Amino acid sequence: MELNQTILPAVKSVKDFETLLDRDTEYIILLESRLGLIRKLVKVAQKAGKKVWIHIDLIQGLKADEYGMEYIGQEVKPDGIISTRAHVIKRAKKHQILSIQRLFLIDSQAVEHNVSIIQKTQPDFVEVLPGVLPGMITEIKDRVGVPVIAGGLVRKPEEVSQALDSGASAITTSRSELWPF
């Protein structure tokens, strides 16, 4: 799958969410919310012509087990999910939901472990954090054969450009000053 958007705005508040409804953006990532609100937010965004990805690990009140993912797939119906957990990625695929697996670049051992998991789960995208390590973006993209999204600690337009030049398909950021990039 190809993204037609360089910056994927990640929202932590309803105010930021509402701001994005009027902007020229195809995707919105909901980082933090609560179970009772998530369905309404997704419906409002989709009605406004947006595609919504939910960070499953950060939804308060949601247990990302089989029944939680069944609820997300059948009732909330987001365009995609984000998670650090391989079992969540597998469940998303079962419910035909686009999946982004987050990979934290902590050390070499974590990279090796996560690369092997990604090769097994085959998410639609891999999000590499922090997104300010151009060499690692290139390496992960080459090793997993899945489009890479860079996120975390991307603070300046130059860092956005570096990540994109290193092979990232897009950048996730909650920094609203970078959303128009």
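The structure we're discussing is the one just above.
Residues numbered from 1 in each chain as written. Predicted model: local features only at pLDDT ≥ 70, side-chain atom pairs only at ≥ 80, totals over all residues. Heavy atoms only, no water.

**As for the packing of aromatic side chains**
At step 1: For the structure shown, the criterion picks out two aromatic pairs.
At step 2: Measuring from centroid to centroid gives 4.9 Å for Tyr-27 and Trp-53, while their planes differ by 45°, and the two rings are tilted. Taken together, the residues span a long stretch of sequence, with Tyr-27 in strand β2 (residues 27-30) and Trp-53 in strand β4 (residues 51-55) at a distance of 26 residues.
At step 3: With a relative accessible area of 1%, Trp-53 lands in the buried category.
At step 4: Between Trp-53 and Phe-125, the ring centres sit 6.0 Å apart and the planes meet at 40°, which makes this aromatic pair tilted. You can see Trp-53 sitting in strand β4 and its partner Phe-125 sitting in strand β8 (residues 125-129), a full 72 residues away along the chain. Neither Trp-53 nor Phe-125 differs from the other in exposure class; each is buried.
At step 5: Taken together, Tyr-27, Trp-53 and Phe-125 form an aromatic cluster joined through their ring pairs. (Phe/Tyr/Trp six-rings, centres within 6.5 Å; stacked < 30°, edge-to-face > 60°. Helix = DSSP H or I, 4+ residues; strand = E, 2+ residues; numbered from the N terminus. Buried < 20%, exposed > 50% of the residue type's maximum accessible area, 1.4 Å probe, protein only.)

**Points about the packing of helix α5 (residues 108-121) against helix α6 (residues 134-144)**
At step 1: As a packed pair, α5 and α6 sit with axes 10 Å apart at the nearest point and diverge in direction by 35°. α6 is crossed by α5, and the crossing has right-handed handedness. Residues Val-111, Glu-112, Val-115, Ile-118 and Gln-119 of α5 lie in contact with α6, whose contacting residues are Met-136, Ile-140, Arg-143 and Val-144. (Axes fitted to C-alpha atoms, helices over the stretch in contact; angles between N-to-C directions. Left-handed = near helix turned anticlockwise from the far one by under 90°. Contact = heavy atoms within 4.5 Å.)

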